[in-house]
Amino acid sequence: MRRSTVLFVALVMAFAAMPLAAASAGPLACDERVNNTIDKLLECVDVDGVREHQAALQAIADANGGIRTSGTPGYDASVDYVVDRMTAAGYDVTVQPFQFNAFIQLGPSTLEQIAPGSVTYAEGVDYDLMSQTEAGDVTGGVTGVDLALGTPAWPSDPGTSTSGCEVADFAGFPAGHIALIQRGACTFALKAENAAAAGAVGTIIFNQGNSPAREGLINGTLGTGYAGGIPVQFATFARGTEWAGTPGLEMHMIVDVLRGETTSFNVLAESTSGDPDNVVMAGAHLDSVNAGPGIQDNGSGSAAILEVAEEMAKVKPRNKVRFAWWGAEESGLVGSTFYVGSLSQEEQDDIALYLNFDMIASPNYVFFIYDGDDSDGVGAGPGPEGSAQIEKLFERYYDSIGVPYKGTDFSGRSDYGPFIATGIPSGGLFTGAEGIKTPDEVALWGGTAGDQYDPCYHLACDTFDNVSLNALDVNSDAVATSVLTYAMNTESINQVRGKGNFRPHDMEFAPSS
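These remarks concern the structure in this document.

## Re the overall build of the protein
Looking only at helices and strands, the protein features 14 helices and 16 strands. Expressed as lengths along the three principal axes of its C-alpha atoms, the size of the protein is roughly 120 × 50 × 45 Å. Here the protein holds 513 residues, and the buried ones make up 51% of them. For the protein, the proportion of contacts with a sequence separation of at least 24, taken over those separated by at least 6, is 79%. Counting only carbon and sulfur atoms, one obtains 54% of the accessible surface of the protein, whose full area is about 20,800 Å². For the protein, the centre of its 25 positive side-chain charges and the centre of its 65 negative side-chain charges are spaced 13 Å apart.

## Examining empty space enclosed by the protein
Under the definition given, this model contains one cavity of 30 Å³ or more. The space that makes up the largest cavity amounts to roughly 30 Å³. Considering the residues around the largest cavity, the lining is formed by His53, Leu57, Tyr81, Val82, Leu286, Ser302, Ala303, Leu306 and Trp325. Where the lining of the largest cavity is concerned, the elements lending two or more residues are helix 3 (47-62), helix 4 (73-88) and helix 7 (299-311). Counting residues per element, the lining of the largest cavity draws most heavily on helix 7, at three residues. Per-class residue counts for the lining of the largest cavity are seven nonpolar, two polar and no charged.

## Side note on the pairing of strand 6 (residues 178-182)
Counting buried positions along strand 6 gives five out of five residues, so the element sits mostly inside the fold. Burial of the side chains of strand 6 extends over both faces: Ile178, Leu180 and Gln182 are buried on one face and Ala179 and Ile181 on the other. Where strand 5 (residues 136-144) and strand 6 come together, three bridges link them in parallel fashion. Across the sheet, the residue bridging to glycine 144 is leucine 180, located in strand 6. Pairing geometry for strand 6 and strand 7 (residues 202-206), over five bridges, is parallel.

## Some details on unusual backbone geometry
Note: most residues except glycine have negative phi, and most peptide bonds are trans. Alanine 115 connects to proline 116 through a cis peptide bond whose omega is -10°. Mapping proline 116 onto the fold places it in the loop between strand 2 (110-115) and strand 3 (119-120). In the segment running from aspartate 297 into asparagine 298, the intervening peptide bond is cis, with an omega of 5°. Even without being glycine, leucine 333 reaches a positive phi, approximately 60°. Secondary-structure assignment places leucine 333 in the loop between strand 12 (319-326) and helix 8 (334-342). Taking relative accessible area as the criterion, leucine 333 reaches 11% and is therefore assigned buried. Positive phi outside glycine occurs at glutamine 495, with the angle close to 65°. Structurally, the position occupied by glutamine 495 is in the segment after helix 14 (491-494).

## Section: the state of the cysteines
Following the criterion strictly, the structure yields three disulfides and no others. Across a sulfur-sulfur distance of 2.0 Å, cysteine 30 and cysteine 44 are joined as a disulfide pair. Judged by the sign of its S-S torsion, about -85°, the cystine formed by cysteine 30 and cysteine 44 is left-handed. With cysteine 30 in the loop between helix 1 (2-25) and helix 2 (38-44) and cysteine 44 in helix 2, this residue pair connects regions lying 14 residues apart in the sequence. The exposure class of cysteine 30 is partly exposed, given its relative accessible area of 27%. Described in terms of the sequence order of its bonded cysteines, the disulfide pattern of the protein is 1-2, 3-4, 5-6.

## Brief notes about the packing of helix 10 (residues 387-401) against helix 13 (residues 469-488)
Here helix 10 crosses helix 13 at 130°, and the two axes come no closer than 10 Å. Here helix 10 lies oblique to helix 13, going by the angle between them. When you trace helix 10 past helix 13, the crossing you get is right-handed. Within the contact between the two elements, helix 10 uses Gln389, Ile390, Leu393, Phe394, Tyr397, Tyr398 and Ile401 and helix 13 uses Val474, Asn475, Asp477, Ala478, Thr481, Ser482, Thr485 and Tyr486.

The rules behind each value
Residues numbered from 1 in each chain as written. Predicted model: local features only at pLDDT ≥ 70, side-chain atom pairs only at ≥ 80, totals over all residues. Heavy atoms only, no water. Helix = DSSP H or I, 4+ residues; strand = E, 2+ residues; numbered from the N terminus. Buried < 20%, exposed > 50% of the residue type's maximum accessible area, 1.4 Å probe, protein only. Contact = heavy atoms within 4.5 Å. Areas by Shrake-Rupley, 256 points an atom, 1.4 Å probe, with all protein chains shown as cover. Lys, Arg positive; Asp, Glu negative; His and termini not counted. Charge placed at Lys NZ, Arg CZ, Asp CG, Glu CD. 1 Å grid on protein atoms, 1.4 Å probe; cavity = no way out; pocket = protein on both sides within 12 Å on 5 of 7 lines; lining within 4 Å. Points joined across faces, edges and corners; volume = space filled by probe spheres on them. Nonpolar A, V, L, I, M, F, W, Y, C, P; charged D, E, K, R; others polar. Pairing = 2+ DSSP bridges. Disulfide = S-S within 2.5 Å. Axes fitted to C-alpha atoms, helices over the stretch in contact; angles between N-to-C directions. Parallel < 35°, antiparallel > 145°, perpendicular 65-115°, else oblique. Left-handed = near helix turned anticlockwise from the far one by under 90°.

As structure tokens, this is what we get:
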């Protein structure tokens, strides 16, 4: 009797203690719970978490010459960071190598006048490198080639300049000189190759000057097929006309670049569960340009999908989820093109859809959605069947939180390009690059009319501070909503039924809290 009584009292005390213990424990932390609803996931996908990843990418750039360009140690360290985080989160991680024609600026360039007098010109102000230029350290007299000058040069005939386009333009050109050539009529590569064939040791191509848009610097390229073998720089129209009128001009050019075939990598992280015959992909390019660390372009998209992937790590999706971080996007969508091309037809058919997130936190932002159905009539026409439904999902999400949005063209400028080229439904978000914000857009989203959406686009100032926290917060939640929705149900895209409470056109997306 006594033993029974003692046992009974102990059990009563234990049960009495349980509610108190449960209450003191509180809700499970985000890294301990299964975020398998929109509400749960959006509670845990946090802008501070995204910023943690952006800070890591900035630190990597700082330790590697200020850049994270594919083919450089800064990019390789970025790959290692993503691999470590995704492996720790429990994903099946694959690092996919590929070869590409790299163009990497290894150090600062030089352009200086050494006669008459001495003048050192500012990179990024007076001149820039031409992408795909050869390296070189050359000095020589400067000779203009078939120039047509004026202020502006040809207000009524913008196509007049053919400077350097024909071999005859170089008749009498003194070998060992630097060719001064004007933009217009033919490719930059042809101009430089003609100069090299005439004996030039270097080439300066300056802007055309026939309109305000053709006076400053541009992100010009000679193309991967450039075969001139001499260094090429690009200058403003003002500097070009100045140099053309300077008798006895001699210049010194230094171009420190790596050009040629090298190896880079894609990172693919896949859920361990879900239907492998119905794959949902979300991707962002991980590389920067040569000019800077690329924390907005595209550390914003890369960090957002990394945060979403970590917060979904314990979810058991109905469909296989594959996150991708692409290499060499800035070299022409090389990594994503290689990936899609490496898939068999069956593997391509297994991809239900692709979501692309490239530049989603521009400082002078707009909220653009890729125009899957071409309803905005902004360019290239509708995407593959199913793309319109992806656009609609993002529209419904923005509507649910009261954020205006606009359609933007499938221009082919980002990594959705090879997916839509093979008929895979695609969509995604974009907050603007070098485009100029209009007064009407300021009325919708605030910001500054007449300025670029991202004033630091492809520049050294694309750092940790070059981000709109509001746009990053809004769009990180949009990324999370779209990935989890399609991870559970792609019926609206390809008629493959999933969980009924994840029909993207029958639900409200805003969290209930």
